[in-house]
Amino acid sequence: MAIAGGPRGRLLVVPLLVAAAVVLASSPARAFYLPGVAPRDFQKDDDLQVKVNKLSSIKTQLPYDYYFLDYCKPDAIKNSAENLGEVLRGDRIENSVYNFKMRRDESCKVVCRPKLSPEAAKNFKEKIDDEYRVNMILDNLPVVVPRQTREGSQAPGFEHGYRVGYKLKDDKYYINNHLSFKVLYHEDLNSPEARIVGFHVIPSSIKHEYGDWDAKNPIVQTCNANTKITPGSHTPQEVAPDAYVVFSYDVTFEASEIIWASRWDVYLLSSDSQIHWFSIINSLMIVLFLSGMIAMIMMRTLYKDIANYNQLDNQEEAQEETGWKLVHGDAFRPPVHSGLLCVYVGTGVQFFGMTVVTMMFALLGFLSPANRGGLMTAMVLLWVFMGVLAGYTSSRLYKMFKGNEWKKITLKTAFMFPGIIFGVFFVLNALIWGEKSSGAVPFGTMFALVLLWFGISVPLVFVGSFLGFKQPAIEDPVKTNKIPRQIPEQAWYLQPAFSILAGGILPFGAVFIELFFILTSIWLNQFYYIFGFLFIVFVILLVTCAEITIVLCYFQLCSEDYHWWWRAYLTAGSSALYLFAYAIFYFFNKLEITKLVSGILYFGYMLIISYAFFVLTGTIGFYACFWFVRKIYASVKID
């Protein structure tokens, strides 16, 4: 979709996007779902291959390859095509021994009978203790386990993946070795083809009985082609060293009214829409409160100040005045560590650009859960290509500060933030690798990330920096005095530490309810898809950061403190401290992580997220204050 250029066309974009976000937020999943893959039609007896994904647990947060446990293996294990996002998420999609024929039911099909070695039995017990779940995929649909719904609830409930096994009060471990699959399909009335719209499984533990074992034609007495196994109807299969475990499965096909475009609804079904709307209303109240303060400052106090200053007849009257006009000769004095500020502002613009474009793609449905790994892939690639904005912004700001070492600033912009993130990520990846988890990023992928960084991002930062430094310097609306003005003693509530920490409360308050759902999707293996709500909350965050920074900046200038550059950045950026504090609260109240490595991983990744949030919100606050200060000093007559 192309949008007409020109000022008028650009002005139409914002209300259109906001209107679209409201529609998307209030509509069910099917209204916005654009599939990540094309639909596939199957005729009767067509081959269907179940693929296996990782073993996952919300207790350890360490994914493992399916074949880490001694499950039945096909003759040759083949990895499916993976994108960068899938690798970073720890997904390992491989073929399996579970092969169906479309619309052909099968009962009690035996696939293999491995003998558990002491090491294999130990691994099974550990994974059962840590409540690991097995994830499978059929035609791009993850397997789900139906669960009992709450009383009064109309919608069916599902759990993602099935448990490896369970432990009873007798301290014995039992493995789910029999799987009862149900495949839902939607028929095309005009052709013999059908599309798969559901993939369910009910796991069971069965100690199969058999006579002489024939590997080519295995037969068990526990069940046959005419029986259907139900959980608890047989003696369970215990996990023990040197025990033989027979793996088997049933599969039934059932016609469904669900259409292909709506097949992901059961995965995305949410009963929390009212909570999301409460989050939006809560955030809007904060914005309205701040907007009222801004209106009061702009329309009454500030307008009156400008009118009074412009009516002064002589310099003596001006000297008697107090307030923000007195520091006009110092308001645009370059701050200490101005180069570092330029680096962080440039990085923030890069992050902001990546966030906005990613959210646009997500709103349009291109990054839906069906497109596995698409969201993370898009974020990484967009971050790389947005390097040109980082270089351009940091160099233009640096030139305004009368800096000459633009190459040095460019290098810092290209390496500081990504270097810190990559360093923390490398340490965390080493810990994951030490646990033999499939979540560890392979060396080849790590090399690809470095190649993207050095081969594309860094050159683009230099290109942007070169273009930015070639532009004419941004001119200050007033001249800067040669001798800095002495700053009077400040009231306790205007001290930097207090005002910075106070400024971060409201931006965090505007997003913390939605933050709960985001953390739940990350750490509790849930799908996050409500990008309409997320877009609205993001806009509210942007407005809140801008408004609180402007309010506190005005109070600071009125108290004749002109060191506003870093204060503006840190005021909005301090919301990241509250985000990390909330992450600590979430860890102790919502998660069941007990392992040290898992705890380090959680806080390591939350530290990365908080750091990125600091850069993003700090840059928003800085530019809001930058615009405000330039606006007010350009509005008064300066002799």
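- By the naming in an unreviewed UniProt entry, the chain is Transmembrane 9 superfamily member, taken from Lolium multiflorum.

**A closer look at the overall build of the chain**
Turning to step 1, where the next piece is worked out: Within the chain, the secondary structure is distributed over 18 helices and 13 strands.
Turning to step 2, where the next piece is worked out: When the 639 residues of the chain are sorted by exposure, 50% land in the buried category.
Turning to step 3, where the next piece is worked out: In the chain, the proportion of contacts linking residues at least 24 apart, taken out of those at least 6 apart, comes to 82%.
Turning to step 4, where the next piece is worked out: Roughly 31300 Å² of accessible area belongs to the chain as shown, and the carbon and sulfur atoms make up 60% of that amount.

**Comments concerning the packing of helix H16 (residues 565-573) against helix H18 (residues 596-634)**
Turning to step 1, where the next piece is worked out: Closest axis-to-axis distance for the H16/H18 pair is 7 Å, and the angle between their directions is 135 degrees. When the axes of H16 and H18 are compared, the pair comes out oblique. Considering how the two elements wind past one another, H16 and H18 form a crossing that is right-handed. Mapping the contact onto sequence places Trp-565, Ala-568, Tyr-569, Leu-570, Ala-572 and Gly-573 in H16 and Phe-614, Val-615, Thr-617, Gly-618, Thr-619, Gly-621, Phe-622, Cys-625 and Phe-626 in H18.
Turning to step 2, where the next piece is worked out: Taken together, the residues that form the contact of H16 with H18 break down as 10 nonpolar, 5 polar and no charged.

**Description of the state of the cysteines**
What makes a disulfide is a covalent bond joining the sulfur atoms belonging to two cysteines.
Turning to step 1, where the next piece is worked out: Evaluated as defined, the whole model comprises 1 disulfide.
Turning to step 2, where the next piece is worked out: The disulfide bridge from Cys-72 ends at Cys-112, spanning 1.6 Å between sulfur atoms. In this structure the cystine formed by Cys-72 and Cys-112 twists about its S-S bond by roughly -75 degrees; its chirality is therefore left-handed. Separated by 40 residues along the polypeptide, Cys-72 in the loop between strand E1 (47-56) and helix H3 (84-89) and Cys-112 in strand E3 (residues 106-112) bring together distant segments of the chain.

**A short note on the pattern of salt bridges**
Turning to step 1, where the next piece is worked out: If you walk through the whole model with that rule in mind, you get 16 salt bridges.
Turning to step 2, where the next piece is worked out: Of the charged contacts, one joins Asp-330 and Arg-333 as a salt bridge, the two residues approaching to 2.5 Å between their closest N and O atoms.
Turning to step 3, where the next piece is worked out: Given the relative accessible area of 1%, Asp-330 is considered buried.

**Digging into empty space enclosed by the protein**
Any space left empty among the atoms is revealed by the rolling of a water-sized probe across them.
Turning to step 1, where the next piece is worked out: Tallied over the full model, the rule gives 1 cavity of 30 Å³ or more.
Turning to step 2, where the next piece is worked out: Along the walls of the largest cavity sit Ser-499, Thr-549, Leu-552, Cys-553, Gln-556, Trp-564, Arg-567, Ala-568, Thr-571 and Cys-625, which together make up its complete lining.
Turning to step 3, where the next piece is worked out: Those elements giving two or more residues to the lining of the largest cavity turn out to be helix H15 (531-558) and H16.
Turning to step 4, where the next piece is worked out: Broken down by element, the residue count for the lining of the largest cavity peaks at 4 residues, all from H15.
Turning to step 5, where the next piece is worked out: In terms of residue class, the lining of the largest cavity is built from 5 nonpolar, 4 polar and 1 charged.

**Some remarks on unusual backbone geometry**
Turning to step 1, where the next piece is worked out: Non-glycine residue Lys-402 carries a positive phi angle of around 65 degrees.
Turning to step 2, where the next piece is worked out: Owing to a relative accessible area of 63%, Lys-402 belongs among the exposed residues under this scheme.

**Digging into the nonpolar core**
Turning to step 1, where the next piece is worked out: One finds Leu-557, Trp-564, Trp-565, Tyr-602, Val-629 and Tyr-633 to be the most contacted residues of the largest nonpolar core, which totals 96 residues.
Turning to step 2, where the next piece is worked out: Per element, the largest residue contribution to this core is 18 residues, and it comes from H18.
Turning to step 3, where the next piece is worked out: Those residues in contact with Trp-564, other than ones at most four positions away along the chain, are Ala-331, Cys-553, Gln-556, Leu-557, Cys-625, Phe-626 and Val-629.
Turning to step 4, where the next piece is worked out: Judged by nonpolar contacts, the second largest core, of 56 residues, contains Leu-48, Leu-138, Val-239 and Tyr-267.

**Comments concerning the side chain of Ser-395**
Turning to step 1, where the next piece is worked out: With respect to the helices and strands, Ser-395 occurs in helix H10 (residues 387-400).
Turning to step 2, where the next piece is worked out: Of the residues examined, Ser-395 reaches a relative accessible area of 2% and is grouped as buried.
Turning to step 3, where the next piece is worked out: A polar side-chain atom of Ser-395 sits 3.4 Å from the main-chain amide nitrogen of Phe-469.
Turning to step 4, where the next piece is worked out: Setting aside residues up to four positions removed in sequence, Ser-395 forms contacts with Gly-464, Ser-465, Gly-468 and Phe-469.

**Examining a nonpolar patch on the surface**
Turning to step 1, where the next piece is worked out: Together, Tyr-392, Val-463, Phe-466 and Leu-467 give the surface a local cluster of nonpolar side chains, amounting to about 340 Å² of exposed area.
Turning to step 2, where the next piece is worked out: Ranked by residue count, the leading element in the nonpolar patch is helix H12 (residues 443-470), at 3 residues.
Turning to step 3, where the next piece is worked out: With respect to the helices and strands, Leu-467 occurs in helix H12.

**Some words on the confidence of the model for the chain**
Turning to step 1, where the next piece is worked out: Residues at a pLDDT of 70 or more form 85% of the chain, whose mean pLDDT is 83.
Turning to step 2, where the next piece is worked out: Note on residues 314-321: pLDDT is under 50 here. Beyond four places in sequence and across chains, it has 7 contacts.

**Let's talk about the packing of aromatic side chains**
Turning to step 1, where the next piece is worked out: A complete count under the given rule lists 56 aromatic pairs for this structure.
Turning to step 2, where the next piece is worked out: Relative to Phe-614, the ring of Tyr-569 has its centre 5.5 Å away and its plane inclined at 70 degrees; by these criteria the two rings are edge-to-face. Taken together, the residues Tyr-569 in helix H16 and Phe-614 in helix H18 connect sequence positions 45 residues apart.
Turning to step 3, where the next piece is worked out: By relative accessible area, which is 0% here, Tyr-569 ends up buried.
Turning to step 4, where the next piece is worked out: Classification of Phe-614 as buried rests on a relative accessible area of 18%.
Turning to step 5, where the next piece is worked out: Each member of the aromatic cluster is reached from another via a ring pair, and the members are Phe-332, Phe-401, Trp-564, Trp-565, Phe-622, Tyr-623, Phe-626 and Tyr-633.
Turning to step 6, where the next piece is worked out: Above the face of the Tyr-64 ring, Lys-127 is positioned so that its terminal group lies 4.3 Å from the ring centre.

**Let's talk about the pairing of E1**
Every regular strand shows the same layout, with side chains that alternate between the two sheet faces.
Turning to step 1, where the next piece is worked out: Summarising burial for E1: 7 of the 10 residues are buried, a large majority.
Turning to step 2, where the next piece is worked out: Bridge count between E1 and strand E2 (residues 94-101): 5 bridges; the pairing is antiparallel. Within E2, the position partnered with Asp-47 by the bridge is Lys-101.
Turning to step 3, where the next piece is worked out: With 4 bridges connecting them, E1 and strand E4 (residues 133-138) associate as antiparallel partners. Among the inter-strand pairings, Ser-56 is bridged to a residue of E4, identified as Arg-133.

Conventions used here
Residues numbered from 1 in each chain as written. Predicted model: local features only at pLDDT ≥ 70, side-chain atom pairs only at ≥ 80, totals over all residues. Heavy atoms only, no water. Helix = DSSP H or I, 4+ residues; strand = E, 2+ residues; numbered from the N terminus. Buried < 20%, exposed > 50% of the residue type's maximum accessible area, 1.4 Å probe, protein only. Contact = heavy atoms within 4.5 Å. Areas by Shrake-Rupley, 256 points an atom, 1.4 Å probe, with all protein chains shown as cover. Axes fitted to C-alpha atoms, helices over the stretch in contact; angles between N-to-C directions. Parallel < 35°, antiparallel > 145°, perpendicular 65-115°, else oblique. Left-handed = near helix turned anticlockwise from the far one by under 90°. Nonpolar A, V, L, I, M, F, W, Y, C, P; charged D, E, K, R; others polar. Disulfide = S-S within 2.5 Å. Salt bridge = Lys/Arg side-chain N within 4 Å of Asp/Glu carboxyl O. 1 Å grid on protein atoms, 1.4 Å probe; cavity = no way out; pocket = protein on both sides within 12 Å on 5 of 7 lines; lining within 4 Å. Points joined across faces, edges and corners; volume = space filled by probe spheres on them. Core = buried A, V, L, I, M, F, W, Y, C linked by side-chain atoms within 4.5 Å. Polar contact = N/O pair within 3.5 Å; in protein donor to acceptor, adjacent residues only side chain to side chain. Patch = residues over 30% accessible without salt bridge, like charges linked within 9 Å, V, L, I, M, F, W, Y side chains within 5 Å. pLDDT = per-residue confidence, 0-100. Phe/Tyr/Trp six-rings, centres within 6.5 Å; stacked < 30°, edge-to-face > 60°. Lys NZ or Arg CZ within 6 Å of the ring centre and 35° of its normal. Pairing = 2+ DSSP bridges.

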